Amino acid sequence: MADKKTSDGAPPQAGKRWLKMAGMTTSIAARYAGHQIKKPFLDDEARRASQKKLNAKNGETIAETLGELKGAVMKMGQLASQVADLLPAEFAENLKVLQREAPPMAYSVIAAQIEAELGDTPQNIFSRFDEEPFAAASIGQVHRACTQAGDEVIVKVQYPGVAESVRADMRQLKRAMRMGRIVKVSKKTLDALFEEIQARILEELDYEREAAMLLRFSTHFSDTPKLVIPTPHDALSTARVLTLSYEPGDHIDSIPGNY
């Protein structure tokens, strides 16, 4: 994690998020309008080249905005980059940057979130809490720690404001994709797709649900010793902070071949 650049603050809150998303939507709509105006004056080859350039530029704009905002829209961008049959190739290619591990939030943001959720500072709650993040993603990051009882754990901390911004962010992203004619599906299909993705993201943001599912899977696979499932620490967990037993393993990129 030492080579990662740390973001100085929390994800932008409602007003700033809306302005950034609205600015993104306006840019995409303006480019599409310009493309439509000049299209009748182009031959087929030039028209295809113009369309590819438009797709690439829109993908770049969306990737830059979603990466900065983090949260549900960044996760949506990550998913979109993997849907080869739904998006133009040039657009999806620019979204691949969102699949990389996100730069972590500043420790002060994480400490404040833990104190708001658990009622005290990480240093008082745990016997050790690593300020350097173990991993970072679109909706939160993970820190290694040790409980007062001496158990090695990881603490998954959701970025502040992420859950509250999901619906507004997704509405604005869907508007941008419609206005830019990026997805070639009907309004009904696009609405259904976004509703499904939003529902799954809201589930992922509920750490209490995640803890319950881990316990359920542990029971179900109790006779499968090769399957290791982390154990939640209920007293150190909430809907936005999840403390789990630390289970060492390898990064998926380091595992050769299929399994």
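Look up: the structure comes first, before these words.
For every chain, the first residue of its written sequence is number 1, and the numbers climb from 1 along that sequence. This being a predicted model, a pLDDT of at least 70 is required before a residue's local features are given, and a value of 80 or more before pairs of side-chain atoms are given or counted; all residues contribute to the totals for chains, interfaces and linings. Side-chain numbers come from the whole structure's heavy atoms, not from hydrogens or water.

Undergrad: Just to check I follow, could you spell out the pattern of salt bridges for this structure?
TA: One side chain can pair with another of opposite charge once the charged atoms of both are near each other. The salt bridge criterion pairs a side-chain nitrogen of Lys or Arg with a carboxyl oxygen of Asp or Glu, the two atoms within 4 Å. Under the definition given, this model contains 13 salt bridges. Of the charged contacts, one joins Glu 60 and Lys 57 as a salt bridge, the two residues approaching to 3.7 Å between their closest N and O atoms. Placement of the pair is Glu 60 and Lys 57 together in helix 2 (residues 44–69), with a separation of 3 residues, close to one helical turn. One salt-bridge network, in which partners are shared between bridges, spans Arg 128, Asp 130, Arg 144 and Glu 152. Secondary structure elements follow DSSP: runs of H or I no shorter than four residues count as helices, runs of E no shorter than two count as strands, and numbering proceeds from the N terminus.

Undergrad: Can you help me understand the nonpolar core in this one?
TA: Soluble, globular proteins show a tendency: their nonpolar side chains are buried together. Side-chain atoms within 4.5 Å are what join buried Ala, Val, Leu, Ile, Met, Phe, Trp, Tyr and Cys residues into a set we call a nonpolar core. We call a residue buried when its accessible area falls under 20% of the maximum for its residue type, exposed when it is over 50%, and partly exposed in between, using a 1.4 Å probe and counting protein chains only. Core analysis: the biggest nonpolar cluster contains 49 residues, and Ile 62, Leu 87, Val 155 and Leu 173 have the highest contact counts within it. Of all the elements in the fold, those that place two or more residues in this core are helix 1 (14–38), helix 2, helix 3 (71–80), helix 4 (89–95), helix 5 (107–118), strand 4 (152–158), helix 7 (162–179) and helix 8 (187–204). Top contributing element to this core by residue count: helix 7, with 6 residues. Here, two residues are considered to be in contact whenever any of their heavy atoms come within 4.5 Å of each other. Apart from the residues lying within four places of it in its own chain, the contact partners of Ile 62 are Met 24, Ile 28, Phe 91, Leu 95, Leu 173 and Ile 182. Formed by 8 residues, the second largest nonpolar core is a distinct cluster that contains Val 142, Ile 154, Tyr 207 and Leu 242.

Undergrad: What exactly am I supposed to notice about the side chain of Thr 65 here?
TA: By the element assignment, Thr 65 lies in helix 2. For Thr 65, the residues in contact, after removing those within four places along its chain, are Lys 20, Met 21 and Met 24.

Undergrad: How do you make sense of the packing of aromatic side chains when you look at a structure like this?
TA: Working definition: an aromatic ring pair is given by the centre-to-centre distance plus the angle between the planes. Here a pair means two rings of Phe, Tyr or Trp (six-membered ring of Trp) with centres within 6.5 Å. Their orientation is stacked below 30 degrees between planes, edge-to-face above 60, and tilted elsewhere. All told, the structure shown has 4 aromatic pairs when counted by the stated rule. Measuring from ring centre to ring centre gives 6.2 Å for Tyr 107 and Phe 129, while their planes differ by 45°; the resulting arrangement is tilted. Placement of Tyr 107 in helix 5 and of Phe 129 in strand 1 (residues 128–129) is noted, with a sequence separation of 22 residues between them. Classification of Phe 129 by relative accessible area gives buried; the value is 9%. Consider the rings of Phe 217 and Phe 221, whose centres lie 5.9 Å apart with planes at 25°: the pair is stacked. Every member of this aromatic cluster is reached through a ring pair, and the members are Tyr 107, Phe 126 and Phe 129.

So far we have only geometry, and geometry alone does not tell us how the molecule works.
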